[in-house]
Amino acid sequence: MHTFDENLLDPQQLSRLRVRGAKALLNAGNFAGACYMAGYSVEGAIRAAIAKQTRRHDFPNKQLAQDSWTHDLKKLLQIASLWPKFDLAMKENSNLELNWAIAKEWKESSRFVLSTSQNQAADLYSACTARTHGILSWLKTYW
Amino acid sequence: MAEDLLVGEQLTQDMITAGEQVLEALDKTRVQVKAAFWLLLADQHTWRLVMASPAVRTLGPREVYRKVAAVIKRLPPSAQPIGIKDITVLEDTHELVLLMRSFTRTGPTISKIRMSRNVVNGQLIEDALLYRVT
């Protein structure tokens, strides 16, 4: 059987992979799984932005590396130094603010919330992936 | 419109008043708020206004956030608006709501019950201000 190590994928690829996974799970009626994957796609995109700030031959900043292993999306945006820009963007764009209101609730443990409804999963998926005002669409300018 | 209310590590009188105004305004809509409280998110060093409604399940969180945002927009100019990034909408059956329910029930009115460093069902609630838990 073919296997691959997720760590070998770059964070951008991983983020796109998670979006496809979220869509497939949503279509299959696995709403908790769809939420898990959708949030992970945002996490991957922020990690990609953090990785972009690191130069190829940089010696890794231990604190930054350790802090980056969080699943808290706001903390990750802060680590990526993107939070002030994102906060400003939300003030100027109520659709982005609405999408963040939904996405900010994501937790890695969401896959265990079996009571997740279709509405909740579909809303989180669209908050993350909406073409014009989705969280990923905003993040892609920084990764 | 006025600048959004500053929500930080301290629960201010402005935050308490603003939360109450949002709840009062929501009560005049079809969004049934079963629980509402400010909760300290200790790990994030900030407070969050939590609103629990069955509409989160039936309509989805997007629609409920949209309704909350619309209500905030319609508040009188003297009111300091809360940004929806500082609000969390939950199903009324969410475990956090159940936890608050096991601590107290206020009835459908608007109360202001402070609970600081309370252990409820083995879980520490660092700090919270309850407007309503039904």
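Everything below is about the structure printed above this text.
Bear in mind the structure is a predicted one, so any value in this text is a computation, not a measurement.

(A) Highlighting the sheet that holds strand β5 (residues 123-133) of chain B. Residue and element names in this part refer to chain B. Taken together, 5 strands build an open sheet; the order of strands is β3-β2-β1-β5-β4 and the sheet is mixed. With partners counted over all chains shown, the strands left at the sheet margins are β3 (87-90) and β4 (113-120), one partner each. The mean angle between the axes of side-by-side strands here comes to 30°, regardless of whether they run parallel or antiparallel. Each of β1 (35-41), β2 (46-52) and β5 is contacted by helix α1 (residues 13-27), which is oriented at about 50° to β5, the strand it contacts most.

(B) Inspection of the interface of chain B and chain A at higher detail. Residue-level contacts link 13 residues of chain B with 14 residues of chain A. Elements with a minimum of two residues in the side of chain B that touches chain A: α3 (61-73) and β3 of chain B. In terms of residues, the side of chain B that touches chain A owes the most to one element, α3 of chain B, which gives 5 residues.

(C) Representation of the packing of helix α6 (residues 94-103) of chain A against α3 of chain B in the model. Contact geometry for α6 of chain A and α3 of chain B: axes closest at 10 Å, N-to-C directions at 125°. Relative to α3 of chain B, the element α6 of chain A is oriented oblique. Judged by the twist between their axes, the crossing of α6 of chain A over α3 of chain B is right-handed. Residues Leu98, Ala101 and Ile102 of chain A of α6 of chain A touch α3 of chain B, and the partners they reach there are Pro61, Arg62, Tyr65, Arg66 and Ala69 of chain B. In terms of residue class, the contact of α6 of chain A with α3 of chain B is built from 6 nonpolar, no polar and 2 charged.

(D) The pairing of β4 of chain B, seen in detail. For β4 of chain B, the buried fraction is low: 0 of the 8 residues fall into the buried class. From the end of β4 of chain B to the start of β5 of chain B, which pair antiparallel, there are 2 residues, and Asn121 of chain B there has a positive phi angle of about 50°.

(E) Examining the pairing of β5 of chain B more closely. Residue and element names in this part refer to chain B. In this sheet, β5 lies alongside β1 in antiparallel orientation, the contact comprising 5 bridges. The residue of β5 that forms the bridge with Trp38 is Leu129. Sheet analysis places β4 next to β5, joined by 7 bridges and oriented antiparallel. Across the sheet, the residue bridging to Met115 is Ala128, located in β5.

(F) Main features of the packing of α1 of chain B against α3 of chain B. Residues and elements named next belong to chain B. Closest axis-to-axis distance for the α1/α3 pair is 9 Å, and the angle between their directions is 110°. Taken together, the axis directions place α1 and α3 in an arrangement best described as roughly perpendicular. Counted together, Val22, Ala25 and Leu26 of α1 and Val68, Val71 and Ile72 of α3 form the full contact between these two elements. Here the contact of α1 with α3 is composed, by residue class, of 6 nonpolar, no polar and no charged.

(G) Fine view of unusual backbone geometry. Non-glycine residue Ser81 of chain A carries a positive phi angle of around 60°. Inspection of the secondary structure puts Ser81 of chain A in the loop between α4 (73-79) and α5 (83-92). Look at Ser81 of chain A and you get exposed, because 12 C-beta atoms sit within 10 Å. Residue Asn121 of chain B is not a glycine yet carries a positive backbone phi of 50°. By the element assignment, Asn121 of chain B lies in the loop between β4 and β5.

Procedures and definitions
- Residues numbered from 1 in each chain as written.
- Chains lettered and ligands numbered in written order.
- Predicted model: local features only at pLDDT ≥ 70, side-chain atom pairs only at ≥ 80, totals over all residues.
- Pairing = 2+ DSSP bridges.
- Helix = DSSP H or I, 4+ residues; strand = E, 2+ residues; numbered from the N terminus.
- Axes fitted to C-alpha atoms, helices over the stretch in contact; angles between N-to-C directions.
- Contact = placed C-beta atoms within 7 Å.
- Parallel < 35°, antiparallel > 145°, perpendicular 65-115°, else oblique.
- Left-handed = near helix turned anticlockwise from the far one by under 90°.
- Nonpolar A, V, L, I, M, F, W, Y, C, P; charged D, E, K, R; others polar.
- Buried ≥ 20, exposed ≤ 12 C-beta atoms within 10 Å, placed from the backbone.

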